[in-house]
There are 6 protein chains.
Amino acid sequence: QTGFLPNVFKAMSHRPAEFRAFFAYYNAIMNKDTGRLSKADKELIIVATSVVNRCPYCVIAHGALHRIYSKQPALADQVIVNWKLADLSDRDLAMLEFALAVCRADNITEEHFQKLERHGFDREDAWDIGMISAFFAMSNRIAHFIDL
Amino acid sequence: QTGFLPNVFKAMSHRPAEFRAFFAYYNAIMNKDTGRLSKADKELIIVATSVVNRCPYCVIAHGALHRIYSKQPALADQVIVNWKLADLSDRDLAMLEFALAVCRADNITEEHFQKLERHGFDREDAWDIGMISAFFAMSNRIAHFIDL
Amino acid sequence: QTGFLPNVFKAMSHRPAEFRAFFAYYNAIMNKDTGRLSKADKELIIVATSVVNRCPYCVIAHGALHRIYSKQPALADQVIVNWKLADLSDRDLAMLEFALAVCRADNITEEHFQKLERHGFDREDAWDIGMISAFFAMSNRIAHFIDL
Amino acid sequence: QTGFLPNVFKAMSHRPAEFRAFFAYYNAIMNKDTGRLSKADKELIIVATSVVNRCPYCVIAHGALHRIYSKQPALADQVIVNWKLADLSDRDLAMLEFALAVCRADNITEEHFQKLERHGFDREDAWDIGMISAFFAMSNRIAHFIDL
Amino acid sequence: QTGFLPNVFKAMSHRPAEFRAFFAYYNAIMNKDTGRLSKADKELIIVATSVVNRCPYCVIAHGALHRIYSKQPALADQVIVNWKLADLSDRDLAMLEFALAVCRADNITEEHFQKLERHGFDREDAWDIGMISAFFAMSNRIAHFIDL
Amino acid sequence: QTGFLPNVFKAMSHRPAEFRAFFAYYNAIMNKDTGRLSKADKELIIVATSVVNRCPYCVIAHGALHRIYSKQPALADQVIVNWKLADLSDRDLAMLEFALAVCRADNITEEHFQKLERHGFDREDAWDIGMISAFFAMSNRIAHFIDL
């Protein structure tokens, strides 16, 4: 198989300590049980932010995962080109708006959290959205310099 | 004490699993023994990239660490305002140029690695520089949304 | 059917004179028999420039056409996220580089034409590439304000 | 004579089919009888958007036409440098604001149309403004690569 | 001594007429007795705008003066990295917001003046803030090309 | 008369000390007898940089002066829209390239001076070009906030 993950595994495998720490952190963020983010939500955040970071590996791999989890085959493609025009609920637009503010390293203010709250996301959810966006700000950049 | 680290500890402490994973990964990247990056080099990379991500906590805390490790009290301040005009060796300019290319999520090409090699950095060093830049792309963004 | 073209037809149909002139011009540019651009080349130019103009309708519709003509199912998706990292020949990179220079309204100089010539495109081909890019600079903008 | 149009005619004349289709479409958009846009309005839209596309031929030729139609000799020059500071009515500012949103390939929303309506432009006028802006997004780019 | 001012003096001294005119104008702006701007305010404006103009000499020299006048040792450093996150009063934020609008050559409107008035700055104070920002738009650029 | 200078005189007249210092500095820079810059050269620098600073008053007034001094009625208009496409000698392009680098607050390096030297400008001329660009970086910004 020649997909994304096997390549990342291979690229990072000669640094086993970093490799283990990377995936342990990935698991702590992505595979937690609590909160309001569905698996499809998490993948959509990764797709939208990885587009900004211009990482084809992440966009394509996580776009495929989004299609599987969401059962909406066209949505990820719309988000990839122009998320504001995609067929998203107001809740999902608010979620992506926050994720992209973190992605651009904007100053995050009380207003950001209040806007999320109006769409049903509490402070813990905001933390989850921001953490996924921040983690892929790192991962996308790693993908740019490791030999994929 | 009211500095950066105690605040980060406090902010992340209600998520102990993520907190441990974050610091384990931080240690894997920052405290490795091999390679050509001195402690001062690492802090300078953090300062230069955290400026781009507009994170005052990280810039000020790591600028102070750079002053301690480098014994060059004015250098970090110069890098903060305009790294290309700072009193840096060609080696250090090449190091920061690569770190900032990763920071901006530029496409990294063979040319980037060759330029580093001309200044004495091999592929493992390039990995170290890129990894610190990528890790702080994440950390700076986390600092923007956690309550510091 | 609810695809792109039926929607464009419907949106433009209440202005029959403009509608006919638009499609007559489209045909003059896209369906000419001469020159070195294959059907797949033309679709790839449309995909790459429509991404810059953030037009999801055009990107998705012409990405599908590219897949059909090129028989390369993954290429359009790579171009959508980061054309410089896509698995493209040097010829195709040169073609997209010129199309995107026109798309950004860059000043086009003798150097641009010479670079194309080094990859086998003569002045007539340059005209064709530029004309498709310019036509979709218009079409993408129309798509933003008509009711699709 | 060595003005803009003779040069465009000459440049496009070796492609007679494209040439005819271009001017047929130009006529369909620019010479329609209905709607609220005066000849001066249309020229002002062309001037303002051609500045963004950095096309000196179009700006100078259509600036001259604007002076003739509007009898306001200084207005086009003001618009060229800084349209928001020009001596324009609120209606004309709203018209240019919409034209420039289309010119930049912004997402056009219901709010854009409502703002135009508050200044007396209905949906058909919005279409006309947007179509002129889109047509010159194309023409300006063509002017960059044909030999003028 | 090898600080900023001795270097500027030296660099400009072979043009004595310009040198005298520069410092006469500097004095007219910086050393006037009237108005609501304290010495620390003026230095903070210089720091914030010189960061945008990427002038390390001015940022470091005037940051030091700000520390002396304000007795707030950490404030200038915060403003240097991200003025919106600095520990500033609403009044000081409004002052810097206006200074930075002038620094970026934004269109200044009645709204800008009204916002300043809500924080206690009248039109004369607005003039003073704008004039310092404009003067350092010049000085920072001079510093980039004279031999410091 | 209602032109630019009378308005500036009026706007600045209630601050006579600043007014005198501004014009004394203007004279020291613009009316010096030595060097290779003609009156037309100086006006062209002002036009090109004032466009970047979006100052219609300065662009229009100094464009008119350029037409008088240069006897080239169309050149300023070309420079206003797209200086790289204007009918300029290589010497004039080099002059404007340096002026615009200073205007953008770019880092000025030895290479900039060497490029100017290849077109016949020595270090004193570079100083003159840079000083005019820097002075109008200030003047254009003043024009944005005084009541013209």
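Residues numbered from 1 in each chain as written. Chains lettered and ligands numbered in written order. Predicted model: local features only at pLDDT ≥ 70, side-chain atom pairs only at ≥ 80, totals over all residues. Heavy atoms only, no water.

Per an unreviewed UniProt entry, chain A is named Carboxymuconolactone decarboxylase-like domain-containing protein, and its organism is Mesitornis unicolor.

S.K.: I tried to follow the overall build of chain A on my own but got confused; where do I start?
M.R.: Scanning chain A for helices and strands turns up 8 helices and 0 strands. Listed by position from the N terminus, the elements making up chain A come as α-α-α-α-α-α-α-α. The C-alpha atoms of chain A give 15 Å as radius of gyration, which agrees with the globular expectation for 148 residues (15 Å, within 12%). The principal-axis extents of the C-alpha atoms in chain A amount to approximately 45 × 30 × 30 Å. Classification of the 148 residues of chain A by burial places 57% in the buried group. (Helix = DSSP H or I, 4+ residues; strand = E, 2+ residues; numbered from the N terminus. Rg over C-alpha atoms; globule rule 2.2 N^0.38 Å. Buried < 20%, exposed > 50% of the residue type's maximum accessible area, 1.4 Å probe, protein only.)

S.K.: Which parts of the structure should I look at to understand the interface of chain F and chain D?
M.R.: A common way to report how large an interface is uses the accessible area buried once the components associate. Each partner contributes residues to the interface: chain F has 12 residues there, and chain D has 12 residues. Buried area between chain F and chain D, both sides added, is near 1,100 Å², and the carbon and sulfur share of it is 77%. Counting the contacts that link chain F with chain D gives 0 salt bridges. Counting the contacts that link chain F with chain D gives 2 residue pairs in polar contact (both at pLDDT 80 or more). Taken together, the elements giving at least two residues each to the side of chain F that touches chain D come down to helix 4 (56–70) and helix 5 (75–82) of chain F. Considering every element that reaches the side of chain F that touches chain D, the biggest residue donor is helix 5 of chain F, with 5 residues. Residues belonging to the side of chain F that touches chain D are distributed by class as follows: 7 nonpolar, 3 polar and 2 charged. (Contact = heavy atoms within 4.5 Å. Buried area = accessible area lost by both parts, 1.4 Å probe. Salt bridge = Lys/Arg side-chain N within 4 Å of Asp/Glu carboxyl O. Polar contact = N/O pair within 3.5 Å; in protein donor to acceptor, adjacent residues only side chain to side chain. Nonpolar A, V, L, I, M, F, W, Y, C, P; charged D, E, K, R; others polar.)

S.K.: Help me understand the pattern of salt bridges in this model?
M.R.: Close approach of charged atoms allows side chains with opposite charge to pair. If you walk through the whole model with that rule in mind, you get 78 salt bridges over all chains. For the salt bridge of Arg15(D) with Glu18(D), the shortest nitrogen-to-oxygen distance reads 2.8 Å. Here Arg15(D) matches Glu18(D) in class, with each residue buried. Several salt bridges share partner residues, and in doing so they unite Arg15(A), Glu18(A), Lys32(B), Glu124(B) and Asp128(B) into one network.

S.K.: What should I look at first to understand the relation of the copies chain F and chain E in this one?
M.R.: Both copies of the chain are related through a single rotation about an axis accompanied by a shift along the same axis. Once chain F has been moved 0.0 Å along the axis and rotated by 180°, it coincides with chain E to within an RMSD of 0.0 Å. Those values place the two copies in the arrangement expected of a two-fold rotation axis. Of the C-alpha atoms belonging to chain F, the one lying closest to the rotation axis is found on Met138(F), 2.6 Å away. Of all interface residues in chain F, 100% are interface residues in chain E too; the two copies therefore contact each other through one and the same surface. (Least-squares fit on C-alpha atoms with pLDDT ≥ 70 in both.)

S.K.: Help me understand the nonpolar core in this model?
M.R.: Within soluble globular proteins, side chains that are nonpolar tend to cluster in buried spots. Grouped together as the largest cluster of nonpolar side chains are 296 residues, with contacts concentrated most on Tyr25(A), Tyr25(B), Tyr25(C), Tyr25(D), Tyr25(E), Phe145(E) and Tyr25(F). Setting aside residues no more than four positions away along its own chain, Tyr25(B) makes contact with Met12(A), Glu18(A), Ala21(A), Phe22(A), Tyr25(A), Met138(A), Ile142(A), Met131(B) and Phe135(B). (Core = buried A, V, L, I, M, F, W, Y, C linked by side-chain atoms within 4.5 Å.)

S.K.: Sorry if this is basic, but what is going on with the arrangement of the chains here?
M.R.: With no contact between them, chain B and chain D keep their nearest C-alpha atoms 24 Å apart. Separated without contact, chain C and chain E have their nearest C-alpha atoms at a distance of 24 Å.

S.K.: I tried to follow helix 8 (residues 123–145) of chain B on my own but got confused; where do I start?
M.R.: At 3.6 residues per turn, the α-helix brings residues three or four places apart onto the same side. Taking 1.5 Å of rise per residue, the 23 residues of helix 8 of chain B would be expected to cover 33 Å, and the 34 Å separating its terminal C-alpha atoms lies within 8% of that figure. Capping of helix 8 of chain B at its N-terminal end is provided by Asp122(B); its side-chain oxygen lies 3.0 Å from the backbone amide nitrogen of Glu124(B). (Expected span 1.5 Å × (residues − 1).)

S.K.: Would you take a moment to explain the interface of chain F and chain E for this structure?
M.R.: Every contact between the two is made by 37 residues of chain F and, on the other side, 37 residues of chain E. Buried area between chain F and chain E, summed over both chains or domains, comes out near 3,300 Å², and the portion from carbon and sulfur atoms is 64%. Together, Trp127(F), Arg141(F) and Phe145(F) form the three largest contributors to the area buried by chain F at its contact with chain E, with a combined 24%. At the boundary of chain F and chain E, one finds 4 salt bridges. With a shortest N-O distance of 2.6 Å, Arg15(E) and Asp128(F) are connected by a salt bridge. Linking chain F with chain E are 18 residue pairs in polar contact (both at pLDDT 80 or more). Elements with a minimum of two residues in the side of chain F that touches chain E: helix 1 (4–12), helix 2 (16–30), helix 6 (90–103) and helix 8 (123–145) of chain F. Looking at which element gives the most residues to the side of chain F that touches chain E, the answer is helix 8 of chain F, with 13 residues. Taken together, the residues that form the side of chain F that touches chain E break down as 23 nonpolar, 5 polar and 9 charged.

S.K.: Help me understand the relation of the copies chain F and chain D, please; the structure alone is not making it clear to me.
M.R.: Each copy of the sequence occupies a distinct position, and chain F is placed on chain D by a rotation of 180° and an axial shift of 0.0 Å, giving an RMSD of 0.0 Å. When the interface residues of chain F are mapped onto chain D, 100% of them are again interface residues, pointing to one common binding face.

S.K.: Explanation requested: the packing of aromatic side chains in the structure shown.
M.R.: Each aromatic ring pair is characterised by the separation of its centres together with the angle its planes make. One pass over the full model with this rule turns up 66 aromatic pairs over all chains. Relative to Phe136(A), the ring of Phe135(A) lies with its centre 5.7 Å away and its plane at 70°, an arrangement referred to as edge-to-face. Classification of Phe135(A) by relative accessible area gives buried; the value is 1%. Its relative accessible area of 3% is what places Phe136(A) among the buried residues. Measuring from ring centre to ring centre gives 5.0 Å for Phe19(E) and Phe23(E), while their planes differ by 55°; the resulting arrangement is tilted. Highlighted residues: Phe19(E) and Phe23(E), both in helix 2 (residues 16–30), separated by 4 residues, approximately one helical turn. Of the residues examined, Phe23(E) reaches a relative accessible area of 16% and is grouped as buried. (Phe/Tyr/Trp six-rings, centres within 6.5 Å; stacked < 30°, edge-to-face > 60°.)

S.K.: Is there a simple way to explain the UniProt feature "domain: Carboxymuconolactone decarboxylase-like" (unreviewed entry) in chain A in this structure?
M.R.: Under the UniProt annotation, "domain: Carboxymuconolactone decarboxylase-like" (unreviewed entry) lies at residues 16–64 of chain A. As annotated, residues 16–64 of chain A comprises 78% helix and 0% strand, and the C-alpha atoms at either end are separated by 28 Å. (UniProt positions renumbered as here; feature names shortened; annotations may be inferred.)

S.K.: Teacher, can you tell me more about helix 4 (residues 56–70) of chain D here?
M.R.: Residues and elements named next belong to chain D. With 15 residues, helix 4 extends 20 Å from end C-alpha to end C-alpha; this agrees with the ideal 21 Å at 1.5 Å per step. Turning to helix 4, its buried residues number three or more, namely Pro56, Cys58, Val59, His62, Gly63, His66 and Ser70. Relative to the axis of helix 4, the buried residues are bounded by an arc of 150° and lie together on one face. After helix 4 finishes, the residue Lys71 shows a positive phi value of roughly 60°. (Arc of directions from axis to C-beta.)

S.K.: Explain empty space enclosed by the protein here, please?
M.R.: Gaps between atoms show up when a probe of the same size as a water molecule is rolled over them. A full pass over the atoms with the stated rule returns 6 cavities of 30 Å³ or more. There is about 140 Å³ of room inside the largest cavity. As for the largest cavity, its lining consists of 14 residues, of which Asp77(A), Ile80(A), Arg67(C), Asp77(C) and Ile80(C) are closest to the centre. When contributions to the lining of the largest cavity are tallied by element, the ones reaching two or more residues are helix 4 (56–70) and helix 5 (75–82) of chain A together with helix 4 (56–70) and helix 5 (75–82) of chain C. (1 Å grid on protein atoms, 1.4 Å probe; cavity = no way out; pocket = protein on both sides within 12 Å on 5 of 7 lines; lining within 4 Å. Points joined across faces, edges and corners; volume = space filled by probe spheres on them.)

S.K.: I tried to follow the packing of helix 7 (residues 110–118) of chain E against helix 8 (residues 123–145) of chain E on my own but got confused; where do I start?
M.R.: When two helices pack together, their arrangement is given by the angle between the helix axes and by the axis-to-axis distance. All names here are of chain E. At a minimum axis separation of 10 Å, helix 7 and helix 8 run at an interaxial angle of 110°. Between helix 7 and helix 8, the crossing angle belongs to the class labelled roughly perpendicular. Counting all contacts with helix 7, which are made through Glu110, Phe113, Leu116 and Glu117, the residues of helix 8 involved are Arg123, Ala126 and Ile129. Along the lines of polarity and charge, the residues of the contact of helix 7 with helix 8 split into 4 nonpolar, no polar and 3 charged. (Axes fitted to C-alpha atoms, helices over the stretch in contact; angles between N-to-C directions. Parallel < 35°, antiparallel > 145°, perpendicular 65-115°, else oblique.)

S.K.: Explain the packing of helix 4 of chain F against helix 5 of chain F here, please?
M.R.: All names here are of chain F. Contact pair helix 4 / helix 5: the axes reach a minimum separation of 9 Å and the direction vectors enclose 140°. The angle between helix 4 and helix 5 places the two elements in the oblique class. Only Leu75, Ala76, Asp77 and Ile80 of helix 5 make contact with helix 4, whose side of the interface consists of Val59, Gly63, His66 and Arg67. Counted by class, the contact of helix 4 with helix 5 contains 4 nonpolar, 2 polar and 2 charged residues.

S.K.: Is there a simple way to explain the side chain of Arg15(C) in this structure?
M.R.: Topologically, Arg15(C) is positioned in the loop between helix 1 (4–12) and helix 2 (16–30). Among the polar contacts made by the side chain of Arg15(C), one reaches the side chain of Glu124(D) at a distance of 2.9 Å. Setting aside residues up to four positions removed in sequence, Arg15(C) forms contacts with Lys32(D), Glu124(D), Trp127(D) and Asp128(D).

S.K.: Explanation requested: the environment of Asp33(A) in the structure shown.
M.R.: Residues and elements named next belong to chain A. Here Asp33 is to be found in the loop between helix 2 (16–30) and helix 3 (39–52). Judged by relative accessible area, Asp33 falls into the exposed class, the value being 76%. A C-alpha to C-alpha distance of 27 Å links Asp33 and Glu111, two positions 78 residues apart in sequence.

S.K.: Sorry, what's going on with unusual backbone geometry here?
M.R.: Peptide bonds are trans in most cases, and residues, glycine excluded, mostly fall at negative phi. All names here are of chain A. Residues other than glycine seldom take positive phi values, yet Arg54 does so here, at roughly 50°. Along the chain, the position of Arg54 falls in the loop between helix 3 and helix 4. A positive phi angle, near 60°, is found at Ala105, a position not held by glycine. Checked against the element boundaries, Ala105 lands in the loop between helix 6 (90–103) and helix 7 (110–118). Exposure remark for Ala105: the relative accessible area of 2% places this residue in the buried category.

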